[in-house]
Amino acid sequence: TVPFLWHAMTMRIVVDDQLRIDRAHIELKYLKSPRVIEAKEYELLRTRDADARAFHATRPWLKSGVQVFVDDERDPTSYWLIGSRAGAALVEAMRTRGRSL
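In this text, all values refer to a predicted model and were calculated from it rather than measured experimentally. (Residues numbered from 1 in each chain as written. Predicted model: local features only at pLDDT ≥ 70, side-chain atom pairs only at ≥ 80, totals over all residues. Heavy atoms only, no water.)

Trainee: So what's going on with the overall build of the protein? Residues and values would help.
Mentor: Tallying secondary structure elements over the protein gives 3 helices and 7 strands in all. Written out in order from the N terminus, the α and β elements of the protein read α-β-β-β-β-α-β-β-β-α. The buried share of the protein, taken over its 101 residues, is 38%. For the protein, the exposed area adds up to about 6,600 Å²; of that, 53% sits on carbon and sulfur atoms. (Helix = DSSP H or I, 4+ residues; strand = E, 2+ residues; numbered from the N terminus. Buried < 20%, exposed > 50% of the residue type's maximum accessible area, 1.4 Å probe, protein only. Areas by Shrake-Rupley, 256 points an atom, 1.4 Å probe, with all protein chains shown as cover.)

The structure is reproduced here in structure tokens:
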């Protein structure tokens, strides 16, 4: 049971021409200004300062992550908040593959 729960609660993040988190995805051309969010700000963005239009891919045990803004007038989502222990690497992957970020 424990291995199944661990696998079910693990996020799979892939950056190619899109940012993919489990089944959610968005083309990199619609994202801008990715930045690493440290513990205190990350917690506030998950709770008190959360935007109801934001997409959250977080886990309670993660203490930091990445915030990346959506730049598409057809999409009401303001930003994606992504929990990650490797936030700098995720930001770099988005910037490297999505040249306009």
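Trainee: Please give an account of the side chain of S84 that cites residues and values.
Mentor: Secondary-structure assignment places S84 in the loop between β7 (79–83) and α3 (87–97). Among the polar contacts listed, one links the side chain of S84 to the backbone nitrogen of A86, at a separation of 3.0 Å. (Polar contact = N/O pair within 3.5 Å; in protein donor to acceptor, adjacent residues only side chain to side chain.)

Trainee: Lay out the sheet that holds strand β2 (residues 18–21) in plain terms, naming residues and giving numbers.
Mentor: Spatial ordering of the open sheet is given by β1-β2-β3, a layout of 3 strands whose pairing is antiparallel. The two strands at the open ends of the sheet, each matched to only one other strand, are β1 (13–15) and β3 (24–27). Across the sheet, the mean angle from the axis of one strand to that of its neighbour is 10°, orientation sign disregarded. With 4 bridges joining them, β2 and β3 adopt antiparallel strand pairing. Bridge pairing links I21 to A24 in β3. Running at roughly 30° to β1, α3 makes contact with β1 and β2 of the sheet. (Pairing = 2+ DSSP bridges. Axes fitted to C-alpha atoms, helices over the stretch in contact; angles between N-to-C directions. Contact = heavy atoms within 4.5 Å.)

Trainee: Tell me what's going on with the nonpolar core, and back it up with residues and numbers.
Mentor: Counting 25 residues, the largest nonpolar core has L19, L31, W80 and M94 as its most contacted members. Within the residue set of this core, elements represented by two or more residues are β2, β4 (31–37), α2 (39–46), β6 (65–70), β7 and α3. (Core = buried A, V, L, I, M, F, W, Y, C linked by side-chain atoms within 4.5 Å.)

Trainee: Explain the environment of T96 to me, and be specific about the residues and the numbers.
Mentor: Mapping T96 onto the fold places it in helix α3. On the accessibility criterion, T96 (35% relative accessible area) is partly exposed. Taking C-alpha positions, T96 is 9.7 Å from V15, a pair spaced 81 residues apart along the chain. At 2.7 Å, the side chain of T96 forms a polar contact with the backbone oxygen of E92.

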